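# Structure at a glance
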Amino acid sequence: MGGQLGAVVVAPVMIVLEQFMSWRAALETIGIVGVVLAMVLLALSGVIGHGGHVKKKESAMARWRALLTSRPVMLFFVFYVGSAAANSGMVQFSMTAYHEIYGLPLAVTAWVLTVYQATSLLAVMPGGLLAERTQSHDWVLVWCYTGAGVLIVLGGLGILPFWLAVVLVGMAGAMRGLMNAARDVSVRHAAGNGLSVGAVFAFVPTGYSVGQSFGPPIYGLLLDYASPQIVFWASAVFSLISV
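Residues numbered from 1 in each chain as written. Predicted model: local features only at pLDDT ≥ 70, side-chain atom pairs only at ≥ 80, totals over all residues. Heavy atoms only, no water.

## Brief notes about the overall build of the protein chain
Convention followed: Secondary structure elements are defined from DSSP: runs of H or I of at least 4 residues count as helices, runs of E of at least 2 residues count as strands, and each element is numbered from the N terminus. With C-alpha atoms as the basis for the radius of gyration, the globule rule is written as 2.2 Å multiplied by the number of residues raised to the power 0.38. In these tables, accessible area is a Shrake-Rupley quantity obtained with a 1.4 Å probe, and a residue counts as shielded only by the protein chains included in the view. Counting rule applied: Lys, Arg positive; Asp, Glu negative; His and chain ends not counted. Charge positions come from single atoms, namely NZ of Lys, CZ of Arg, CG of Asp or CD of Glu.
Helix and strand content of the protein chain: 13 helices and 0 strands. In the protein chain, the succession of helices and strands from N to C terminus is α-α-α-α-α-α-α-α-α-α-α-α-α. Computed over its C-alpha atoms, the radius of gyration of the protein chain comes to 19 Å, within 12% of the 18 Å expected for a compact globule of 243 residues. Across its three principal axes, the protein chain shows a C-alpha extent of roughly 60 × 40 × 35 Å. A total accessible area of about 13,600 Å² is found for the protein chain, and carbon and sulfur atoms account for 71% of it. Looking at charge distribution, the protein chain has the averaged site of its 11 positive side-chain charges lying 17 Å from that of its 8 negative ones.

## Focus on the side chain of Ser88
Just so we agree on the cut-off: We call two residues in contact whenever any of their non-hydrogen atoms come within 4.5 Å of each other.
As for its position among the elements, Ser88 is in helix H5 (residues 71-102). If we skip the residues at most four places from it in the chain, Ser88 touches Phe93, Gly211, Gly215, Pro216 and Tyr219.

## A closer look at the environment of Leu240
Among the structural elements, Leu240 can be located in helix H13 (residues 229-242). For Leu240 and Phe214, which are 26 residues apart along the polypeptide, the C-alpha to C-alpha distance reads 17 Å.

## A few points about the nonpolar core
Let me state the cut-off plainly: For the purposes of this section, nonpolar cores are sets of buried Ala, Val, Leu, Ile, Met, Phe, Trp, Tyr and Cys residues that join through side-chain atoms within 4.5 Å. Accessible area is worked out with a 1.4 Å probe on protein chains only. A residue is then buried under 20% of its type maximum, exposed over 50%, and partly exposed in between.
Counting residues in hydrophobic clusters, the biggest one holds 29 residues, and the most contacted among them are Met90, Tyr98, Val112, Val169, Tyr219, Val231 and Phe232. Listing elements by their share of this core, those giving two or more residues are helix H1 (2-20), H5, helix H6 (106-122), helix H8 (137-155), helix H9 (162-178), helix H12 (206-225) and H13. A per-element tally of this core places H5 first, with 8 residues. Those residues within four positions of Val231 in sequence are excluded, and the remaining contacts are Gly89, Phe93, Ala97, Tyr219 and Leu223. Formed by 23 residues, the second largest nonpolar core is a distinct cluster that contains Phe77, Phe79, Val200 and Val204.

## Examining the pattern of salt bridges
This is how it is decided: In the sections that follow, a salt bridge refers to a side-chain nitrogen of Lys or Arg positioned within 4 Å of a carboxyl oxygen of Asp or Glu.
Counting across every chain of the model gives 1 salt bridge. With a closest N to O distance of 3.2 Å, Arg183 and Asp184 form a salt bridge. Note on Arg183: relative accessible area 14%, which makes it buried.

## What about a nonpolar patch on the surface?
Rule in force here: What makes a patch is a set of residues exposed beyond 30% relative accessible area and free of salt bridges, joined within 9 Å when like-charged and within 5 Å when nonpolar (Val, Leu, Ile, Met, Phe, Trp, Tyr).
A cluster of nonpolar residues, Ile32, Val36, Leu37, Val40, Leu41, Leu44, Val47 and Ile48, forms a patch on the protein surface that exposes about 760 Å² of accessible area. When residues of the nonpolar patch are traced back to their parent elements, those giving at least two are helix H2 (23-43) and helix H3 (45-48). Of all the elements, H2 adds the most residues to the nonpolar patch, at 5 residues. Of note, Ile48 is situated in helix H3.

## Topic: the packing of aromatic side chains
Where two aromatic rings form a pair, the distance of their centres and the angle of their planes describe that pair. So the rule is basically this: For Phe, Tyr and Trp, where Trp contributes only its six-membered ring, two rings pair if their centres lie within 6.5 Å, and the inter-plane angle classes them as stacked under 30 degrees, edge-to-face over 60, or tilted in between.
Counted according to the given criterion, the structure contains 13 aromatic pairs. Members of the aromatic cluster, each reached through a chain of ring pairs, are Phe76, Phe79, Tyr80, Tyr145 and Tyr208.

## Observations concerning H6
Because an α-helix completes one turn every 3.6 residues, residues spaced three or four positions apart along the sequence face the same direction. As a reminder of what qualifies: To estimate the expected span of a helix, count its residues, drop one, and scale the result by 1.5 Å.
The first and last C-alpha atoms of H6 sit 24 Å apart over 17 residues, in line with the 24 Å expected at 1.5 Å per residue. Turning to H6, its buried residues are Thr109, Ala110, Val112, Leu113, Thr114, Tyr116, Gln117, Ser120 and Leu121. In this structure, the buried side of H6 is in contact with H1, H5, helix H7 (124-133) and H9.

## Quick word on the side chain of Ser235
For Ser235, the location among the structural elements is in helix H13. Each residue touching Ser235, except ones within four places of it in the same chain, is listed here: Ala86, Met90, Ile152, Arg176 and Tyr219.

## Let's talk about H7
Test applied: Directions are taken from the helix axis to each C-beta atom, and the arc is the one they span.
Those residues of H7 lying buried are Val124, Gly127 and Ala131. Projection of H7 onto a plane perpendicular to its axis shows the buried side chains occupying an angular sector of 55°, all on one side. In H7, the exposed positions that point more than 90 degrees away from the buried face belong to Met125, Glu132 and Arg133. Buried residues along H7 sit in contact with H1, H6, H8, H9 and helix H10 (180-190).

Rendered as structure tokens:
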């Protein structure tokens with residue numbers, strides 16, 4: 001929930017900062033926050049601790065071989081790639097796309113991102129309860145990502161009133177937040193086949209970084225050379241890939 005809360009406040013904070021400084025200075029300010037956070041973590045490293053102890057030592061080659069030959073681990077890696085690519089379209093391009101579709105100021109279309117992130121935050125705890133009560137965590141992922149993809153497409157058609165588009169995108173955000181715990185539990189189960197839990201949780205989320213890396217250039221090209229509605233279709237396609 002902490003990470004989701006940070007995502008909720010970033011849009012309004014960046015909008016406010018841009019009113020008083022250039023967008024470059026706003027980005028630099030956010031970067032300074034990251035440096036300060038790193039210093040805080042370093043200062044309080046003794047409080048956070050190191051968790052458990054290493055149970056067994058294996059060669060790096062053996063660990064990599066076990067990871068790369070595990071079908072569940074590699075499937076989750078691809079899932080994270082598609083998930084991050086789908087999410088990056090909404091987080092980084094929805095404001096601009098809605099600005100072009102409806103002709104509204106960015107300060108207004110920023111509400112789309114805020115609502116999307118806020119509903120995702122609110123759904124995290126219910127998603128934890130759902131993951132605790134079900135054994136079919138994979139189906140939670142399937143239904144949530146399918147629902148989110150459909151809602152994003154409907155909200156991005158540009159034929160609905162803006163307020164209704166915000167409602168639909170907010171519902172999509174809730175679907176994304178609802179599946180977070182089920183996703184993490186599923187990854188934990190994937191690590192149960194004799195694999196190191198730490199190694200699996202270190203490797204699989206790198207797929208998120210991969211998706212965040214190649215997703216934005218794709219959306220940028222679509223926004224420049226196609227219609228802004230394509231941004232939402234592309235996000236839905238990446239959700240479909242995840243499913």
